[in-house]
Every structure is written in C-alpha cells, then in structure tokens.
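This is what each chain is made of:
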Amino acid sequence: MELINPNPVIYEAENLSDDEEYLKRKVCQGEDEREPIDKFEIYEHIRHINDPEHPLTLEQLNIASPKHIYVNDEGNTIEVLFTPTIPHCSMSTLIGLTIRAKLLRSLPPRFKVDVKINPGTHFSEHAINKQLQDKERVAAALEQGHLLDAVNKGIADTDK
C-alpha cells in the first residue's frame, strides 16, 4: 500500500500540567457529586487513537488537540475539530469516524457528539463533515466489516 503522507511531522506530546486551564479544573470532593466532563477528559479519550496510515497516534501527528475541543457539560454537547496531516488526506473520514466511535463508546449517552474537520484544513472538508454528522451514514459505516475493523484497530489500546 502506498502511503498518502509518507513523511508526516511528528510532534511532542502536549504537557497538560503546564496548561493553566488544565490546572484549574474542578475536582469533586464528595462521592455523590458528579464531576463535569471537560475538554481535557475528551482529549484523554482520543489522544492515543492510532492513525490508520502510520504507527503513530492522533496526538503525535497533531491531528487532535485540547484547544480544538468544545464541551458544554450542562448542555450535553461535545464538538471535536480535528486537523488532517495534509489537505487531501483520504483517511480523514476514517479518522473522524474513529474519534466519533471512541467517544460514543466512552461517554455517557446523554452527550451529543459532533466531530468535524478544522475549517480550512482539508479540500473536501464540507463533504466529510456532512458524512460525519449523518447518524444513518455513521451507523451504516460501522456495520461494514472492514470499516468496523479499521475503527476497532484505531481504538485498540487507547485507554492508557
């Protein structure tokens, strides 16, 4: 198989302990208190997802970042914007599908999860975003054996 992006840029892992917003996160004291879900928790769920083309994670390729995750815990909505490594990446739909599947499997069902390509980072951004927002298309894609295998491979061993 010929690689679409044979030499991706590999980034250092983000050190979240240096992030002021991360350090100010609400930590629950009581056992009955529900800790709100924030962008850092979402990032922890997706940062170790395996890229479908390279033996690297979404974090290492800078495809996912906390600064592009928006959470409204009270409104039960999450939006994740991801950045493909190249503007014509043919793996973008699969990456978005894998992020979406990981979050749907990891989060309480009360959340509406939107996964989109960061504006201006892909030539087919509109078409791919439309596919990723269509619940019927996503469900149909996850019923296809080869796509489900690819998604499961991307999610494997991501709970670190």
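The following refers to the structure shown.

Thresholds applied
- Residues numbered from 1 in each chain as written.
- Predicted model: local features only at pLDDT ≥ 70, side-chain atom pairs only at ≥ 80, totals over all residues.
- Heavy atoms only, no water.
- Axes fitted to C-alpha atoms, helices over the stretch in contact; angles between N-to-C directions.
- Helix = DSSP H or I, 4+ residues; strand = E, 2+ residues; numbered from the N terminus.
- Parallel < 35°, antiparallel > 145°, perpendicular 65-115°, else oblique.
- Left-handed = near helix turned anticlockwise from the far one by under 90°.
- Contact = heavy atoms within 4.5 Å.
- Nonpolar A, V, L, I, M, F, W, Y, C, P; charged D, E, K, R; others polar.
- Salt bridge = Lys/Arg side-chain N within 4 Å of Asp/Glu carboxyl O.
- Buried < 20%, exposed > 50% of the residue type's maximum accessible area, 1.4 Å probe, protein only.
- Pairing = 2+ DSSP bridges.
- Right-handed = clockwise from strand over helix to strand, strands pointing away.
- Polar contact = N/O pair within 3.5 Å; in protein donor to acceptor, adjacent residues only side chain to side chain.

Two elements in contact, helix H3 (residues 92–106) and helix H6 (residues 145–155), have axes whose closest approach is 9 Å; the angle formed by their N-to-C orientations is 70°. Taken together, H3 and H6 sit at an angle that is classed as roughly perpendicular. Seen from above, H3 lies across H6 with right-handed handedness. Of the residues in H6, those touching H3 at Leu-94, Leu-97, Thr-98, Ala-101, Lys-102 and Arg-105 are Leu-147, Leu-148, Ala-150, Val-151, Asn-152, Gly-154 and Ile-155. By residue class, the composition of the contact of H3 with H6 is 8 nonpolar, 3 polar and 2 charged.

Applying the stated criterion across every chain yields a total of 6 salt bridges. Residue Asp-73 is joined to Arg-110 by a salt bridge in which the shortest nitrogen-to-oxygen separation is 2.9 Å. Separated by 37 residues along the polypeptide, Asp-73 in the loop between strand E1 (69–72) and strand E2 (77–82) and Arg-110 in the loop between H3 and strand E3 (112–117) bring together distant segments of the chain. Its relative accessible area of 10% is what places Asp-73 among the buried residues. Exposure remark for Arg-110: the relative accessible area of 31% places this residue in the partly exposed category. A salt bridge links Lys-116 to Glu-79, with the shortest nitrogen-to-oxygen separation between them at 3.2 Å. With Lys-116 in strand E3 and Glu-79 in strand E2, this residue pair connects regions lying 37 residues apart in the sequence.

What follows covers the pairing of E2. Consecutive side chains of a regular strand alternate in pointing toward one face of the sheet and then the other. Pairing analysis gives 4 bridges linking E1 to E2, with the strands arranged antiparallel. Residue pairing for E2: Ile-69 is matched across the bridge by Val-80. Hairpin remark: E1 followed by E2, antiparallel, with 4 residues in the connecting loop; positive phi at Asn-76, about 60°. Each parallel crossover has a hand, and the one from E2 via H3 to E3 is right-handed.

Counting buried residues along helix H2 (residues 39–46), 6 of its 8 residues qualify, which places the element largely inside the surrounding structure. Three or more residues of H2 are buried, namely Lys-39, Phe-40, Ile-42, Tyr-43, His-45 and Ile-46. By the N-cap criterion, in which a side-chain oxygen at the helix start approaches the backbone nitrogen of a residue two or three places on, H2 is capped by Asp-38, the distance to Phe-40 being 3.1 Å.

So, on to unusual backbone geometry. A positive phi angle, close to 60°, is found at Asn-76, a residue other than glycine. Position of Asn-76 relative to the elements: it lies in the loop between E1 and E2. Taking relative accessible area as the criterion, Asn-76 reaches 23% and is therefore assigned partly exposed. Even without glycine at this site, Asp-157 takes up a positive phi of about 60°. With respect to the element layout, Asp-157 can be found in the segment after H6.

These figures capture arrangement, not role.
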